[in-house]
Structure formats: structure tokens, C-alpha cells
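These are the residues of each chain, in order.
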Amino acid sequence: MLWKMTGWTETASAGWTEKKQPVETYIEADSMDEAFEKARAIYGSGIDTAQPAE
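Just so you know, these numbers come straight off a predicted model, no measurement behind them.

Rules of the game
Residue positions are counted from 1 within each chain, in the order its sequence is given. The predicted nature of this model means local features are confined to residues of pLDDT at least 70 and side-chain atom pairs, given and counted, to a pLDDT of 80 or more, with totals for whole chains, interfaces and linings taken over all residues. Side-chain measures were taken over the full set of non-hydrogen atoms in the model, leaving aside hydrogen atoms and water. Numbering goes from the N terminus for both helices and strands, where a helix is a DSSP run of H or I of at least four residues and a strand is a run of E of at least two. Relative accessible area decides the class of each residue, using a 1.4 Å probe on protein chains only: under 20% of the type maximum gives buried, over 50% gives exposed, and in between gives partly exposed. The Shrake-Rupley method, run with a 1.4 Å probe sphere, supplies the accessible areas, and residue values consider only the shown protein chains as cover. Two rings from Phe, Tyr or Trp (for Trp, the six-membered ring) form a pair when their centres sit within 6.5 Å of each other. Planes less than 30 degrees apart are called stacked, planes more than 60 degrees apart edge-to-face, and all others tilted. Lysine and arginine charges are scored as sitting over a ring when NZ or CZ, respectively, is within 6 Å of the ring centre and within 35 degrees of the ring normal.

Draft legend 1. A look at the overall build of the protein. Each helix and strand counted, the protein has one helix and three strands in total. Reading the protein from its N terminus to its C terminus gives the helix and strand order β-β-α-β. Burial analysis of the protein (54 residues in total) assigns 26% to the buried set. Summing over all exposed atoms, the protein offers an accessible surface of approximately 3900 Å²; the carbon and sulfur share of this is 50%.

Have a look at this one:
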């Protein structure tokens, strides 16, 4: 099943400030838990929404 994942990720920058970038991606997974696991492995813990894309 294809899942649409959204949230944010932090970008690297010089200095101590952190910048957040919005993320919208699609992940192929058998369950919502697996989709979150895959998306968070790539983008970090800011991925907080999953919707079936089909």
C-alpha cells in the first residue's frame, strides 16, 4: 500500500540555529506503523501524519 507522509525535517546549517523544512513524501509499506518507521528513518521524528494514497 502507498502512504502519503507529511511533517517536517530539520536542515543542517552553520551555527546553533535549527531550521525546519516541511516534508511531503510517499512511502510503500504494508501498514501505517511500517510507513512511519520508514519515513522517520529517512526524515527524522518530525513525520507526524500518514494517509493512504490509494
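Now that the structure is up, let's keep going.
Draft legend 2. Representation of the packing of aromatic side chains. Inspection of every chain in the model, using the stated rule, returns zero aromatic pairs. Cation over ring: lysine 20 sits above tryptophan 8, and NZ or CZ is 4.3 Å from the ring centre.

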